[in-house]
Amino acid sequence: MTKRLSPVRASHERLKKLAGWASMLFILTTGTVQAKTGALIPAAPKIAAKSFILMDADSEEILASENPDETQHPASLTKMMTAYIGEVELAADNIQREDEVLISEKAWKMTGSTMFVEVGERVPVQELLKGIIIISGNDASVALSEHIAGSEDAFAQLMNNTAKRIGMINSHFMNASGWPATDHYSTARDLAILSRHIVKDYPEYYELYAQKYYQYGIDKKTGKPLRRQANRNRLLWTNPYVDGLKTGHIEASGFGLAATAKRDGRRLITVILGAKSEKQRAEEAQKLLTYGFRFFENVDVKKGGVTLETVPVWKGRQDKVNVTIDKDLIVTVPRGTGKDLKATLDINPMIEAPIEAGQQLGTLKVTINDEIIKEVPLRAEAAVERGGFFKRLWDSVRLFFKGLF
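Since this is a predicted model, take the numbers as computed values, not measurements.

Participant: Looking at this structure, how should I read helix 5 (residues 138–149)?
Facilitator: Along an α-helix, residues three or four apart share an orientation, since each turn contains 3.6 residues. Taking 1.5 Å of rise per residue, the 12 residues of helix 5 would be expected to cover 16 Å, and the 17 Å separating its terminal C-alpha atoms lies within 8% of that figure. Counting buried positions over the 12 residues of helix 5 gives 10, a clear majority of the element. Every buried residue of helix 5 is accounted for by Asn138, Asp139, Ala140, Ser141, Val142, Ala143, Leu144, Ser145, Glu146 and Ile148. The positive-phi residue at the C-terminal boundary of helix 5 is Gly150, with phi of around 95 degrees.

As structure tokens, this is what we get:
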């Protein structure tokens, strides 16, 4: 029995297939693959971490990875899910930015990274989000989870339900902060998927991930602002294209980083898990981002939601139907090969009513030198009801003679 791959993993396999095809045209020299066009396509860099992944945020292609589905404790990378759920709830008007959250004793007692909230204090949701995203506040994470779900345990159930909804198939959360706990785990691939949703789904909140500093509250004794805290993502200082996302660390799993950068219209996402230091996780992430931007390019193939072709329909109330694809089709290919890309529509020539809106009527195939690198379904834009008796009879006769000739 053939095992069916997830869409993201299938995308990875397609890119590996393309790389295999490309290597047949290239000459191997000193560890570097050289194209006949002169383009250099090296293997992915060696990364000092337990697992990692590099994803193109637009095409969702995996450009490099090692042990991407190995489960590890995500530490404070957990807070990306906590913040994401906060954004989901804000978008649904279930909570408001100005809502004042009562700080519980449990939230106040959290140690480690904190934003220094006080028990019994009322803190706006928007400030808690800043505390979670910018300075990784454990107290802010617990407070927001209690405000949204009533308790941190109930919020953990919401985290797991959300993970399933967005395709994180190897993750399980026990708390909102990433505090050490058994049965609390994720993977580099799943965290890359979450990172993409954070960037794409609610861009109005994403700018918080790029902020380098955050300061909250007033010292009650001195009346002066509490000390300013810095974002632990070193790449925000060293790489002008990086604008997020999150760091994490516990002794059991080492240092982790989810980073994303946008350059020349392309956005890449990388996740590093199990590095040995803050410095190492930043350096390894930088290697991957450099590799992805330097040696790959994106090609906009077709727009989603627009008519690509009008095809005949037999035995229906209408004689034609428009076909489209679900979303914009973007593919990532080795730099220099995009010019050879072709897209063709493979459509069933004998489409008969009834047809449901969204029904697959064919396939859009993307090829380079006749090698298929991507396939997506072509779908009916609208439903076509079955025609009346005489219409069906007449089309049956036409089809009979069409078959003869």
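Participant: I keep staring at the pairing of strand 12 (residues 266–275) and nothing clicks. Help me out?
Facilitator: Successive side chains on a regular strand alternate, one facing one side of the sheet and the next facing the other. For strand 12, a buried count of 10 out of 10 residues is recorded, marking the element as mostly surrounded by other parts of the structure. Pairing of strand 4 (residues 51–56) with strand 12, which is carried by six bridges, proceeds in the antiparallel orientation. Residue pairing in the sheet places Ser51 in a bridge with Leu273 of strand 12. Where strand 11 (residues 254–263) lies against strand 12, eight bridges are found, and the strand directions are antiparallel. Directly across from Ala258, in strand 12, lies its bridge partner Val271. Linkage of strand 11 to strand 12, two consecutive antiparallel strands, is achieved through a turn of two residues, within which Asp264 is found at a positive phi near 55 degrees.

Participant: Quick question: what am I supposed to make of a nonpolar patch on the surface here?
Facilitator: A cluster of nonpolar side chains, contributed by Phe389, Phe390, Leu393, Trp394 and Val397, occupies part of the molecular surface with about 580 Å² of accessible area. Looking at the secondary structure, you find Trp394 in helix 11 (residues 389–404). Looking at Trp394, the relative accessible area reads 53%, which means it is exposed.

Participant: So what exactly am I meant to see when it comes to the packing of aromatic side chains here?
Facilitator: Two aromatic rings are characterised by how far apart their centres lie and by the angle between their planes. Overall, the coordinates contain five aromatic pairs when judged by the stated rule. When the centroid spacing of 5.7 Å and the interplanar angle of 50 degrees are considered together, the rings of Tyr291 and Phe295 count as tilted. Taken together, the residues span about one helical turn, with Tyr291 and Phe295 both in helix 10 (residues 278–295) at a distance of four residues. The same class applies to Tyr291 as to Phe295, namely buried. Taking 5.5 Å as the distance between ring centres and 75 degrees as the angle between the ring planes, the aromatic pair formed by Tyr291 and Phe296 counts as edge-to-face. The burial state of Tyr291 is the same as that of Phe296; both residues are buried. Among the aromatic residues, those joined into a cluster by ring pairs are Tyr291, Phe295 and Phe296.

Participant: How should the sheet that holds strand 18 (residues 360–368) be read in this particular structure?
Facilitator: Two pairing modes exist for strands in a sheet, parallel and antiparallel, and in both the strands are linked by backbone hydrogen bonds. Here we have five strands laid out as an open sheet, ordered 14-15-19-18-17, and antiparallel in their pairing. Strands at the two margins of the open sheet, each flanked by one partner only, are strand 14 (309–312) and strand 17 (341–347). On average, each strand axis in the sheet is tilted by 30 degrees relative to the strand beside it, whichever way the strands run. As paired strands, strand 14 and strand 15 (residues 320–324) are joined by four bridges and run antiparallel to one another. Within strand 15, the position partnered with Val311 by the bridge is Val321.

Participant: When you look at the sheet that holds strand 12 in this model, what are you seeing that I'm missing?
Facilitator: Reading across the sheet, the five strands line up as 5-4-12-11-10 and stay open at both edges, with antiparallel pairing between neighbours. Edge positions in the sheet fall to strand 5 (62–66) and strand 10 (242–250), since each of these pairs with one other strand and no more. Across the sheet, the mean angle from the axis of one strand to that of its neighbour is 5 degrees, orientation sign disregarded. Of the pairings in the sheet, the one linking strand 10 to strand 11 comprises eight bridges and is antiparallel in character. Within strand 11, the residue paired with His249 across the bridge is Phe255. Each of strand 4, strand 5, strand 10, strand 11 and strand 12 touches helix 10; the most contacted strand, strand 12, lies at about 145 degrees to it.

Participant: Explain the pattern of salt bridges here, please?
Facilitator: Here the structure, examined in full by the defined rule, presents 18 salt bridges. Its salt-bridge partner being Lys106, residue Glu152 comes within 2.8 Å of it at the nearest N-O pair. On the criterion of sequence distance, the pair formed by Glu152 in helix 6 (residues 152–165) and Lys106 in helix 3 (residues 105–109) is long-range, its members being 46 residues apart. The buried category is assigned to Glu152, whose relative accessible area is 7%. Lys106 gets classed as partly exposed once you look at its relative accessible area, which sits at 42%. A salt bridge links Glu385 to Arg317; its shortest N-O distance comes to 3.1 Å. With Glu385 in the loop between strand 19 (371–380) and helix 11 and Arg317 in the loop between strand 14 and strand 15, the pair connects residues that are 68 residues apart, well separated along the chain. Under the relative-accessibility criterion, Glu385 is labelled partly exposed at 47%. Via salt bridges that share partners, Glu60, Arg196 and Lys327 belong to a single interconnected network.

Rules used throughout
Residues numbered from 1 in each chain as written. Predicted model: local features only at pLDDT ≥ 70, side-chain atom pairs only at ≥ 80, totals over all residues. Heavy atoms only, no water. Helix = DSSP H or I, 4+ residues; strand = E, 2+ residues; numbered from the N terminus. Expected span 1.5 Å × (residues − 1). Buried < 20%, exposed > 50% of the residue type's maximum accessible area, 1.4 Å probe, protein only. Pairing = 2+ DSSP bridges. Patch = residues over 30% accessible without salt bridge, like charges linked within 9 Å, V, L, I, M, F, W, Y side chains within 5 Å. Areas by Shrake-Rupley, 256 points an atom, 1.4 Å probe, with all protein chains shown as cover. Salt bridge = Lys/Arg side-chain N within 4 Å of Asp/Glu carboxyl O. Phe/Tyr/Trp six-rings, centres within 6.5 Å; stacked < 30°, edge-to-face > 60°. Axes fitted to C-alpha atoms, helices over the stretch in contact; angles between N-to-C directions. Contact = heavy atoms within 4.5 Å.

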